[in-house]
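A structural walkthrough
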Amino acid sequence: MAVAASANHHLLLLRLHPRRVPSPRTPLLRRNLIPALSTASRRDLAPGIRSSFAAADEASPNSPPLVEQPGGKMVVELVGAFNELTGRMGGVLSTTSSSRLLFKTLKLSIPLLQALPLAPDGRPPLSRALSVACLLADLQMDAEVISAGMLREALEAGAITLHEVKSEISVSTAHLLHESMRMMHVPSKVEILDDESASALRRYCLTYYDIRALSLELAVKLDMMRHLDYLPRYRQQIKSLEVLKIYAPLAHAVGTGSLSLELEDLSFQYLFPYSYLYIDTWLRSYETEIRPLLEVYKEQLLQVLKADSELEMMVDSISIRGRYKSRFSTMKKLLRDGRKPEEVNDLLGLRVILNPRPGDDMPERGERACYRTHEIIQTLWKEVPSRTKDYIARPKKNGYRSLHVAVDVSEEGRVRPLMEIQIRTKEMDSLASGGAASHSLYKGGLTDPSEAKRLKAIMMAAAELAALRLRDLPSANHRGGLDIDHRNRIFRLLDKNGDGRISIEELTEVMEELGAGSKDAQELMQLLDSNCDGSLSSEEFDLFQRQVQFMRNMEETDDHYRTMLGEKLHMSDSTGLIQVYRKELGDKLAVS
Ligand SMILES: Nc1nc2c(ncn2[C@@H]2O[C@H](COP(=O)(O)OP(=O)(O)OP(=O)(O)O)[C@@H](O)[C@H]2O)c(=O)[nH]1
Ligand SMILES: Nc1ncnc2c1ncn2[C@@H]1O[C@H](COP(=O)(O)OP(=O)(O)OP(=O)(O)O)[C@@H](O)[C@H]1O
Ligand SMILES: [Ca+2]
Ligand SMILES: [Ca+2]
């Protein structure tokens, strides 16, 4: 209620920015307005925002003032978006200044975004900006980051400048946007994204960029990956490779684990469609039954633990997190050490985190609470003793501490995979996750006593990148690759008039011969012509060939994984399963 009241108060002040109205196409867009969020994209949104659209739609025959006036529709968007975001932000939106900042941002960005044409993925820019902002709100990012998330789309489209963001919104929002735009070009810093360059890039990002801007960029990447279908397959793969090698590990490093898992699974699906299909088919066979059970087991365990009087004397609070293993993580595990699917013992996982009561003997109390929890678990489920690992009594070399237990949750006649339960104190847990906290310390700035170390890390990362840029690219001259002469030969064949460059006419001619149109030739030219001089040099063409080779090797890798997984999972196309899923997942899986 408070939100609605404050929003209404601001509505009285709502005025569109005169400078941005009206562009020639604005009236048309405004008339069709509300929904920059199309009916389809509205489906993605939470009930709050959907209901504000419904209110506007229903109001339409009866109350023309709200719906027919652009301002009225804008208001509906504004209130809907404000409620949606603040609803997701939870406790993070604790201050008046946060909600003011958010409101100011929405007022400025909504009209700008609505005036923009559809994005290349076919979505209205407002809908894209809101999706990113919602992702950031779900991650419990602060209002400045969400504000930057909302404005990023408008900035990228040239509808607003950084200077304007600085003067009209806030210096910090402008700073975050500046950082995030710098990050956009990170993958282009290396030409071939092999493991070595990817690891250097990740180090570079963690050294050079503000961790909040990184989170913003990661949310943008996730939103992009969720809507990648519109691109041709090779572009999907290039983007997925960037995500898998750079952004998903970064998401993990900065503590946004949920983003990293989804980023990995989406890129896995585009890069290795057949392998994905196998894993997906296998996991689905369990998933419908056991995934919902995870919630049930979690609740059951929590209740039993809370009811135990002995444990109650030792802990202030207990939390349990459940997770179902991701596709990508399962694949890595199967391929890592040749284990059988039934030996993946952590498809179902629970993690109990205990917060011991304070006092001198807090650490010991915490440990005792972990062992007590173990005993209680034994009364609930059947333990598989050979899989119990006590890293509390015997911490791992890296300091990791936790008590691991595997339990059998099968019921009469229903064999289920084991469930892994990790038991630890809050302190042990923060040691295990590190992430954002330890990194922000590392980024501490000038007051940080380890400044010298930090500067050295920056210098090394820069040097490493420079070395990578200058280094000889990996040779494609293996596994059926093309040798240099051969590559030259193709170039010479395409360069019909022999002037040392492939012109658009030459490219069009050969593409027409291949059955493609001149539009395809233009697109290809734009993609490959890195210095934008309208033709391809032999260097530009050479790089293209190496990328092609790299992608082809990846398809070979997929073939290789498919064979391995096929053997493991005893599946083959003849089961018909593949056909079923192929149909379901459609063109996404088409591999030429
Ligand atoms: N953060 C962190 N987690 C760890 C570490 N070691 C183990 N874990 C977690 O504990 C799980 C199980 O590890 P272990 O009990 O050592 O079991 P394992 O036999 O090596 O595990 P599987 O490969 O799962 O069969 C891992 O999958 C991680 O989730 C560590 O050093 N750091
Ligand atoms: N038993 C568990 N309960 C709750 N969360 C878990 C459990 N095991 C792992 N996680 C968390 O789930 C996320 C994904 O972990 P994932 O299963 O991919 O890797 P892992 O279990 O750490 O490694 P591995 O694949 O080597 O077993 C991580 O954030 C991890 O900390
Ligand atoms: Ca595991
Ligand atoms: Ca030429």
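In the nomenclature of an unreviewed UniProt entry, the chain is known as GTP diphosphokinase of Musa acuminata subsp. malaccensis. Taken from UniProt, the Subcellular location (unreviewed entry) comment for the chain reads in full: "Plastid, Chloroplast".

1. Overview of the overall build of the chain
Along its length, the chain carries 27 helices and six strands. Residue burial in the chain is summarised as follows: out of 592 residues, 33% are buried. Within the chain, contacts between residues at least 6 apart in sequence are counted, and of these 70% link residues at least 24 apart.

2. Notes on the site of ligand 2
Close to ligand 2 lie 14 residues; Gly257, Arg323, Ser329, Gly349 and Arg351 are nearest. Within the residue set of the shell around ligand 2, elements represented by two or more residues are helix H15 (257-271), strand S1 (315-324), helix H18 (327-337), strand S2 (348-356) and strand S6 (419-425). Residues of the shell around ligand 2, tallied by class, amount to two nonpolar, five polar and seven charged.

3. Overview of the nonpolar core
In terms of nonpolar packing, the biggest core is built from 79 residues, with Leu85, Ala133, Leu136, Ile146, Leu250 and Leu263 touching the most fellow members. There are two domains that each give this core at least three residues, and those are domain 1 (2-184) and domain 2 (276-434). Ignoring sequence-local partners within four residues, the contact set of Leu85 consists of Leu102, Ala133, Cys134, Ala137 and Ile146. With 22 residues, the next largest nonpolar core counts Val315, Val352, Ala369 and Leu418 among its residues.

4. Thoughts on helix H13 (residues 211-226)
The first and last C-alpha atoms of H13 sit 23 Å apart over 16 residues, in line with the 22 Å expected at 1.5 Å per residue. Counted residue by residue, H13 has 14 buried out of 16 residues, so it is predominantly covered.

5. Describing the environment of Tyr270
Locating Tyr270 in the fold gives a position in helix H15. Overall, Tyr270 belongs to the buried group, with 24 C-beta atoms counted inside 10 Å. On a C-alpha basis, the gap between Tyr270 and Arg233 in space is 8.2 Å, while along the polypeptide they are 37 residues apart. Once you skip the residues sitting within four places of it in the chain, Tyr270 turns out to touch Leu228, Gln236, Gln237 and Ser240.

6. Things to note about helix H19 (residues 362-380)
Taking 1.5 Å of rise per residue, the 19 residues of H19 would be expected to cover 27 Å, and the 27 Å separating its terminal C-alpha atoms lies within 8% of that figure. Within H19 the residues assigned to the buried category are Gly366, Glu367, Ala369, Cys370, Thr373 and Ile377. Viewed end-on, H19 has its buried residues packed into an arc of 155°, placing them on one side of the element. Within H19, the exposed residues directed more than 90 degrees away from the buried face are Glu364, Glu375 and Thr379.

7. Points about the packing of helix H14 (residues 233-253) against H15
Running from N to C, H14 and H15 point in directions that differ by 155°, and their axes come no closer than 8 Å. The orientation of H14 with respect to H15, classified from their angle, is roughly antiparallel. Both H14 and H15 take part in a crossing whose hand is left-handed. Between H14 and H15, the residues in contact are Gln236, Gln237, Ser240, Leu241, Val243, Leu244, Tyr247, Ala248, Ala251 and His252 and Gly257, Leu259, Ser260, Leu263, Glu264, Ser267, Tyr270 and Leu271, respectively. Residue classes in the contact of H14 with H15 are distributed as 10 nonpolar, seven polar and one charged.

8. Re unusual backbone geometry
The phi dihedral of Gln140 falls on the positive side, at around 60°, and the residue is not glycine. Take Gln140: it is sitting in the loop between helix H8 (125-138) and helix H9 (143-156).

9. Brief notes about the environment of Leu176
Considering the arrangement of structural elements, one finds Leu176 in helix H11 (residues 171-184). For Leu176, a count of 26 C-beta atoms within 10 Å puts it in the buried group. A sequence separation of 34 residues divides Leu176 from Asp210, and the C-alpha atoms of the two residues are 7.7 Å apart. In this structure Leu176 touches Glu144, Val145, Ala148, Asp210, Arg212, Ala213 and Leu216, once residues within four positions along its chain are discounted.

10. Structural notes on the packing of helix H7 (residues 96-114) against H8
The relative placement of two packed helices is expressed as an angle between their axes plus a distance between the axes. The contact between H7 and H8 brings their axes to 8 Å, and the two run at 140°. Comparing the axis directions of H7 and H8 gives the class oblique. Between H7, through Ser109, Ile110, Leu113 and Gln114, and H8, the contact on the second element is made entirely by Pro125, Leu126 and Ala129.

11. Some words on the pairing of S6
The element S6 is largely enclosed, with a buried count of six among its seven residues. Of the strand pairs in this sheet, S2 and S6 are connected by seven bridges, and their pairing is parallel. In the strand pairing of S6, Arg351 is matched with Gln422. Looking at chain direction, strand S5 (residues 403-408) and S6 are connected through five bridges and run antiparallel. Counted as the bridge partner of Leu403 is Ile423 from S6.

12. Some thoughts on the environment of Ser180
Within the secondary structure, Ser180 sits in helix H11. Under the C-beta neighbour-count criterion, Ser180 is labelled buried, with 26 such atoms within 10 Å. For Ser180 and Ala148, which are 32 residues apart along the polypeptide, the C-alpha to C-alpha distance reads 9.0 Å.

The rules behind the values
- Residues numbered from 1 in each chain as written.
- Chains lettered and ligands numbered in written order.
- Predicted model: local features only at pLDDT ≥ 70, side-chain atom pairs only at ≥ 80, totals over all residues.
- UniProt positions renumbered as here; feature names shortened; annotations may be inferred.
- Helix = DSSP H or I, 4+ residues; strand = E, 2+ residues; numbered from the N terminus.
- Buried ≥ 20, exposed ≤ 12 C-beta atoms within 10 Å, placed from the backbone.
- Contact = placed C-beta atoms within 7 Å.
- Near = placed C-beta within 6 Å.
- Nonpolar A, V, L, I, M, F, W, Y, C, P; charged D, E, K, R; others polar.
- Core = buried A, V, L, I, M, F, W, Y, C linked by C-beta atoms within 7 Å.
- Domains from an automatic or database assignment.
- Expected span 1.5 Å × (residues − 1).
- Arc of directions from axis to C-beta.
- Axes fitted to C-alpha atoms, helices over the stretch in contact; angles between N-to-C directions.
- Parallel < 35°, antiparallel > 145°, perpendicular 65-115°, else oblique.
- Left-handed = near helix turned anticlockwise from the far one by under 90°.
- Pairing = 2+ DSSP bridges.

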